[in-house]
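Close look at the chain arrangement
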Amino acid sequence: MSRVGSRVVLSMALVMVVASCARAPEPPRKVEATRLAMGSTLALTAWTADEPAARAAFDAVFADFERLEGLLSVWRPGSDVQLVNAQAGKAPVPVHDETREVLRAAAEISGWTDGKFDVTFGALSDIWKFDHDQDGRVPTGAEIAARVPLVDYREVVIEDGPGTVFIRRPGMRIHLGGIGKGYAVERAVAILRRAGLRDFLIQSGGDLYVGGRAGSEPWRLGIQDPRGPAGQIFAEVELADATFSTSGDYERAFVKDGVRYHHILDPATGQPARLCRSVTIITRRPTLADGLSTGVFILGPEKGMALVERLPDAEAVIVTADNRVLVSSGLEGKLRVIRPPTGTSP
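Residues numbered from 1 in each chain as written. Predicted model: local features only at pLDDT ≥ 70, side-chain atom pairs only at ≥ 80, totals over all residues. Heavy atoms only, no water.

1. Overview of the overall build of the protein chain
- When its secondary structure is counted, the protein chain shows 8 helices and 16 strands.
- Projected onto its principal axes, the C-alpha coordinates of the protein chain cover approximately 105 × 50 × 35 Å.
- Put simply, the protein chain has 346 residues, and 49% of those count as buried.
- Looking at the protein chain alone, contacts between residues at least 24 apart form 61% of all its contacts between residues at least 6 apart.
- Counting every atom, the protein chain has about 16,100 Å² of accessible surface; 55% of that belongs to carbon and sulfur.
- A distance of 3 Å separates the average location of the 41 positive side-chain charges in the protein chain from that of its 43 negative side-chain charges. (Helix = DSSP H or I, 4+ residues; strand = E, 2+ residues; numbered from the N terminus. Buried < 20%, exposed > 50% of the residue type's maximum accessible area, 1.4 Å probe, protein only. Contact = heavy atoms within 4.5 Å. Areas by Shrake-Rupley, 256 points an atom, 1.4 Å probe, with all protein chains shown as cover. Lys, Arg positive; Asp, Glu negative; His and termini not counted. Charge placed at Lys NZ, Arg CZ, Asp CG, Glu CD.)

Laid out in structure tokens, this is it:
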């Protein structure tokens, strides 16, 4: 064999050796983490071949939730919300950009829902206790009547120039429990995408976002049966790159003298809203889904579904007070109803 021929054979042999030694790309695998954040379990899942990068991104999400809770919580001493409430009727308060962003989104949803979604329901939160302070007490009619006039989102002034928020009337209070988690989930989506993750799930309480796929399968999300045991679903839907937020009268609630009392309060009456059992909103933005699920719940099935049908890129599944299931037009043929919701009352 000539020298040229031997060099060709040798080169081919080297290529074969290098190719055989090269490692095949690792297949994506599931990486999970959970932590308590904003009063609920925050669960993160990603499908990725780079577990260390995923865990670093998860840590960034956990840290951001903690930071946001320090700004948006009504319970955290020194939070933006506490400082604004303390100066109601007195003076504007400088707040962080994130706080103003949440309040602007809340005001938009309040306008869509004719004020049924209203972050100034905080004026009612010291007589209706459904958080960690739940006491099972039903306030008197006089207590409720004294606070209803203090619920009006239009009295909250947001100024981006000086970076302030001002509640014009003393005695009013904002409470971001109906939108804060959705906002935190939306920021978490951005954090995971910046880390290069495409296939992931974020769940905080009733707020959930899925990106891409669950490995080789689509994400299948179930809707809780409002009167069924925890974890029992009555319907499911496949989603990708979308958010899924449910408000229900079963989450923070108690039953007294045969009547169910829950945390979703109608600003007009100061009482728990009575027209729905649960509302699930599907859209692209977790912040809007979170607030909109609450607003539609209070509006009721007919007015609420009419609003959803008018909004672009929003869908809904509503379980009414009399246990009917209403599905928006964009979900027809996509939602799979597994069983009728449990009819037990209250």
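Now that the structure has been shown, we can carry on.
2. Side note on the nonpolar core
- One finds Phe65 and Ile202 to be the most contacted residues of the largest nonpolar core, which totals 78 residues.
- With 9 residues, the top contributor of residues to this core is helix α2 (residues 51-72).
- Non-local contacts of Phe65, meaning those with residues more than four positions away in its chain, are made with Ala37, Met38, Leu42, Ala184, Val185, Ala188 and Ser204.
- In this structure, Leu201, Trp219, Ile223 and Val319 belong to the second largest nonpolar core, which totals 18 residues. (Core = buried A, V, L, I, M, F, W, Y, C linked by side-chain atoms within 4.5 Å.)

3. Considerations on the packing of α2 against helix α4 (residues 97-112)
- The geometry of α2 relative to α4 is characterised by a closest axis approach of 10 Å and an angle of 70 degrees between their N-to-C directions. By the criterion of interaxial angle, the relationship of α2 to α4 is roughly perpendicular. On the side of α2, the interface is formed by Arg67, Leu68, Leu71 and Leu72, while α4 contributes Glu98, Thr99 and Val102. (Axes fitted to C-alpha atoms, helices over the stretch in contact; angles between N-to-C directions. Parallel < 35°, antiparallel > 145°, perpendicular 65-115°, else oblique.)

4. Let's talk about unusual backbone geometry
- Here the amide bond leading from Ser345 into Pro346 is cis, since omega sits at 0 degrees, within 30 degrees of zero.
- On the secondary structure map, Pro346 appears in the segment after β16 (336-337).
- One non-glycine residue, Asp313, lies in the positive phi region at around 60 degrees.
- With respect to the element layout, Asp313 can be found in the loop between α8 (301-310) and β14 (315-320).
- At Asn323, a position not held by glycine, the phi torsion is positive, near 75 degrees.
- Its location among the elements puts Asn323 in the loop between β14 and β15 (325-327).
- Residue Asn323 is classed as buried on the basis of its relative accessible area of 18%.

5. A word on the pairing of strand β9 (residues 233-239)
- The element β9 is largely enclosed, with a buried count of 5 among its 7 residues.
- Of the pairings in the sheet, the one linking strand β8 (residues 219-224) to β9 comprises 6 bridges and is antiparallel in character. Bridging from a neighbouring strand, Leu221 pairs with Val237 of β9.
- Pairing geometry for β9 and β16, over 2 bridges, is antiparallel. Following the sheet pairing, Glu236 is matched in β16 by Arg336. (Pairing = 2+ DSSP bridges.)

6. Notes on the sheet that holds strand β10 (residues 242-248)
- Overall, antiparallel pairing links the 8 strands, which are arranged β1-β2-β6-β7-β10-β13-β14-β15 in an open sheet. A strand with exactly one partner marks an edge of an open sheet, and here the two such strands are β1 (29-37) and β15. For this sheet the average axis-to-axis angle between neighbouring strands, irrespective of direction, equals 10 degrees.
- Relative to β10, strand β7 (residues 207-211) runs antiparallel, the two being bridged by 4 bridges. In the sheet register, Asp207 faces β10, and the bridge partner there is Ser245.
- The sheet strands contacting α8 are β13 (276-283), β14 and β15, and the helix crosses β14 at an angle near 175 degrees.

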